[in-house]
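# Report on the structure
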Amino acid sequence: MQLTVARNRTDLVDARGQGAVALVPTMGALHEGHRSLIREARARARHVVVSIFVNPLQFAPGEDFSRYPRTFDADLEICRAERVDVVFAPSAEDMYRPDRQVGVHAGRMGEIVEGASRPGHFDGVLTVVLKLFNLVQPDVAVFGQKDAQQLALIRRMVADFDLPVEIVGAPTVRETDGLALSSRNRYLSADDRQVALTLSRALRAGAVEFAPSKIRAAAQAVLDGAGPALSVDYLALVDPGTFEEVGEAFKGEAVLAVAARVGATRLIDNVVLTLDG
C-alpha cells in the first residue's frame, strides 16, 4: 500500500478513494497511543486519513508551541507501518487565511476545568477540528479518551452543528508503569518521570472509592504526597457530558481528571468511573 501525503484540499480530493473514510487528527510526534487510534480507524473504515498539524490556535502565549515535538519523517514511517492511506499535513498558511475572522466558540464547557487553565484553548481545538472535517469529509473520526474534555466538546460540536461524522473515543494507552502516553512525555527527565507517575497513582486511588467526596480526597492525598515537585493545576470529578463538577448524590459515569506540571512539562490524565450515588 502506497502512502499519500496531501498538503491541501486539492491533494485530499485527488487522494480520497471510494468507501468509508476514517480520520485520526493528530499534532504529530506519533507514539503507541496514536497507533491504537489508527488501528481503531482501520477497523471502522476502508480508508484511513491521519492529519499531522501543530495547530497554533490552541496554544496560548507562553505555551510550548515553538518547542512542541515535530518528527514528521518518523511519523510517516509509523503511518506506513499502520497502513494509513493518506497523511494530511498542511501548513498554517494553508489552514488559516491571514485575514481569518471566524472561529468556533466552545461555550461554557470550554471555559471550565482544562479550559479555565488554558483560556481559548478549546476554541482553537474546535476550529481546527471543524476545518479538518470540512476538508477531509470523514465518515468516522477517532480521538483518544486521554483528552476527555476535548472529546466531549467535539461530540457537542458535532451534535450542535448536525455534522455527519461518527465520533469514536478510544481508550487511553499507558506505559507499563501507568504513565499515560503523551507526545510531551519526551520532555521528562528520569526524575521527572517518577514524579509524573503521581497522576496515574492519584487516579487509581480515587477509583477505588465510591462517594464523590472520598474519591476527590483519596486522589488529592496522593497528589499532595508528591510535594513541591508536582504543581497541580486541577483535580476534578465531573459529568462527562458537561464537565461540570458532580455532587455527592450523582449517579452514573463520571470523569476523574487531573492536570499538573512536572518541571516545565504540563501533563493531563483521567479515568472514567461509575458512581452509584
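Above: the structure in question.
These figures come from a predicted structure and were not determined experimentally. (Residues numbered from 1 in each chain as written. Predicted model: local features only at pLDDT ≥ 70, side-chain atom pairs only at ≥ 80, totals over all residues. Heavy atoms only, no water.)

## A closer look at the nonpolar core
Selection criterion: We call a set of buried residues a nonpolar core when its members are Ala, Val, Leu, Ile, Met, Phe, Trp, Tyr or Cys and they connect through side-chain atoms within 4.5 Å of each other. Burial classes: relative accessible area under 20% of the type maximum marks a residue as buried, over 50% as exposed, and values in between as partly exposed (1.4 Å probe, protein chains only). Helix numbering and strand numbering both begin at the N terminus, where a helix is a DSSP run of H or I of at least 4 residues and a strand a DSSP run of E of at least 2. We call two residues in contact when some of their heavy atoms are within 4.5 Å.
Counting 44 residues, the largest nonpolar core has F88, F133, I167 and F243 as the members making the most contacts within it. Looking at this core, the elements with two or more residues in it are β2 (21-26), β4 (86-88), α6 (121-136), β5 (140-144), α7 (148-161), β7 (230-238) and β8 (252-262). Considering every element that reaches this core, the biggest residue donor is α6, with 10 residues. Beyond its immediate stretch of four places on either side in the chain, F133 contacts L23, P138, A141, F143, I154, M157, V158, L163, V165 and I167. With 24 residues, the next largest nonpolar core counts V195, A202, L267 and L275 among its residues.

## A short note on the packing of aromatic side chains
For clarity, the threshold we go by: Only Phe, Tyr and Trp rings take part, Trp by its six-membered ring, and two of them pair if their centres are within 6.5 Å. Stacked means planes under 30 degrees apart, edge-to-face means over 60, and tilted covers everything else. Whether a charge sits over a ring depends on NZ of Lys or CZ of Arg being within 6 Å of the ring centre and within 35 degrees of the ring normal.
For the coordinates displayed, the defined rule picks out 3 aromatic pairs. Taken together, a centroid distance of 6.1 Å and an interplanar angle of 55 degrees make the contact between F53 and Y96 tilted. Pair noted here: F53 is in the loop between β3 (47-52) and α3 (72-81) and Y96 is in the loop between α4 (92-95) and α5 (114-117), with a separation of 43 residues, a long-range link. In this structure, F53 and Y96 share a single accessibility class: buried. Look at F59 and Y68: their rings are 6.0 Å apart centre to centre, the planes differ by 75 degrees, and that puts the pair in the edge-to-face class. We classify F59 as buried; its relative accessible area is 10%. Cluster of aromatic residues (ring-pair linked, three or more members): F59, F65 and Y68. A cation sits over an aromatic face here: R67 above Y187, 3.9 Å from the ring centre. Seen from the ring of Y96, R100 lies directly overhead, with NZ or CZ sitting 5.6 Å from the centre.

## Quick look at the environment of D99
For clarity, the threshold we go by: Throughout this description, a polar contact denotes any pair of N or O atoms lying within 3.5 Å of each other; where both atoms belong to protein, one of them has to be capable of donating a hydrogen while the other can accept it, and for residues adjacent in sequence the pair is counted only when both atoms sit in side chains.
Checked against the element boundaries, D99 lands in the loop between α4 and α5. On a C-alpha basis, the gap between D99 and P228 in space is 44 Å, while along the polypeptide they are 129 residues apart. Side chain to side chain, D99 and R97 meet in a polar contact 3.1 Å long.

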